[in-house]
Amino acid sequence: MSKPNRLMKLVNATEKLPNNVRTFLLSKAFGQFVPLVGTAGLHYDYVSQHKVIVSIKNHRAVQNHIKGVHAAAMALLVETATGFVTVLNVPDHRILLIKSLHVDYLKVAQGNLTATATLSDEHIKFITETEKGELEIPVTVIDDAGQSPIQCKMVWAWLPKKRKQS
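Summary of the structure given here. (Residues numbered from 1 in each chain as written. Predicted model: local features only at pLDDT ≥ 70, side-chain atom pairs only at ≥ 80, totals over all residues. Heavy atoms only, no water.)

Quick notes on the pairing of strand 4 (residues 113-118)
Right, so step 1: Of the two faces of strand 4, the one holding Leu113, Ala115 and Ala117 is buried and the one holding Thr114, Thr116 and Thr118 is not buried anywhere.
Right, so step 2: One ladder, built from six bridges, connects strand 2 (residues 51-56) with strand 4; its direction is antiparallel. Directly across from Ile56, in strand 4, lies its bridge partner Leu113.
Right, so step 3: Inspection of the sheet shows strand 4 paired to strand 6 (residues 139-143) by five bridges, in the antiparallel sense. Following the sheet pairing, Ala115 is matched in strand 6 by Val141. (Buried < 20%, exposed > 50% of the residue type's maximum accessible area, 1.4 Å probe, protein only. Helix = DSSP H or I, 4+ residues; strand = E, 2+ residues; numbered from the N terminus. Pairing = 2+ DSSP bridges.)

Overview of a nonpolar patch on the surface
Right, so step 1: Taken together, the side chains of Leu17, Val21, Phe24 and Leu25 present a nonpolar region at the surface, about 330 Å² in accessible area.
Right, so step 2: In this structure Leu25 comes out as partly exposed when scored by relative accessible area, which is 40%. (Patch = residues over 30% accessible without salt bridge, like charges linked within 9 Å, V, L, I, M, F, W, Y side chains within 5 Å. Areas by Shrake-Rupley, 256 points an atom, 1.4 Å probe, with all protein chains shown as cover. Salt bridge = Lys/Arg side-chain N within 4 Å of Asp/Glu carboxyl O.)

Observations regarding the sheet that holds strand 5 (residues 133-137)
Right, so step 1: Spatial strand order, 3-7-5: three strands in an open sheet with antiparallel pairing. Each end of this open sheet is capped by a strand with a single partner; those strands are strand 3 (94-105) and strand 5. Across this sheet, the average inter-strand angle for adjacent strands is 20 degrees, counted without regard to direction.
Right, so step 2: Contacts from helix 5 (residues 121-129) reach strand 3, strand 5 and strand 7 (150-160), with the element oriented near 155 degrees to strand 5. (Axes fitted to C-alpha atoms, helices over the stretch in contact; angles between N-to-C directions. Contact = heavy atoms within 4.5 Å.)

Quick look at the environment of Gln49
Right, so step 1: Following the sequence through the fold, Gln49 ends up in the loop between strand 1 (43-47) and strand 2.
Right, so step 2: Note on Gln49: relative accessible area 22%, which makes it partly exposed.

Some remarks on the pattern of salt bridges
Right, so step 1: In total, this model carries three salt bridges according to the counting rule given.
Right, so step 2: Across the salt bridge formed by Asp92 and Arg6, the nearest N and O atoms sit 3.8 Å from each other. Of this pair, Asp92 sits in the loop between helix 4 (71-87) and strand 3 while Arg6 sits in helix 1 (residues 6-13), and the two are 86 residues apart along the sequence.
Right, so step 3: Measuring nitrogen to oxygen at the nearest pair gives 2.4 Å for the salt bridge that ties Glu134 to Lys99. One end of the pair, Glu134, is in strand 5; the other, Lys99, is in strand 3, with 35 residues separating them in the sequence.
Right, so step 4: Residue classification places Lys99 among the exposed positions, given a relative accessible area of 52%.

Structural notes on the environment of Ala13
Right, so step 1: Considering the arrangement of structural elements, one finds Ala13 in helix 1.
Right, so step 2: For Ala13, a relative accessible area of 63% translates into the label exposed.
Right, so step 3: Sequence-wise, Ala13 and Gln147 are 134 residues apart; in three dimensions their C-alpha atoms are separated by 34 Å.

Details of the sheet that holds strand 2
Right, so step 1: Strand order in the open sheet made by the four strands is 1-2-4-6, with antiparallel pairing throughout. On the outer flanks of this sheet lie strand 1 and strand 6, each paired with one strand and no other. For this sheet, the mean inter-axis angle between neighbouring strands, taken without regard to orientation, is 20 degrees.

As structure tokens, then:
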């Protein structure tokens, strides 16, 4: 595999910490990196080059009119999980952007939600070796009842960072 980017180095540096300390630190660090993520109270339950698991508690600040997790918060959860598993693999000299976000709301979510985004070795190789590209990132969302209340299609794109003109 390729050389880890700066964000992956941070993740690797926390590997030997106890899991609860590691997830707390990564959640705080990533919340600083993307302020909306911190505001929504997303929690990084697991972070690796191949998989990112992010959860959101059903609390008042993210609820809809029926006291479930708001549709926009669900989309943020999925966007965060897929974005972070992808950005961990994008070389530092490239920029990552979301290209499309499609969410189908299938049923009322029960309680808290957990999104799991994964990348295969082939996905990672494609991301690291393709200067400018796009990829649909596999993701699943499960609620406290063990059901999938939403189905998502997330496409992320990356391209070279523009060099500053002198």
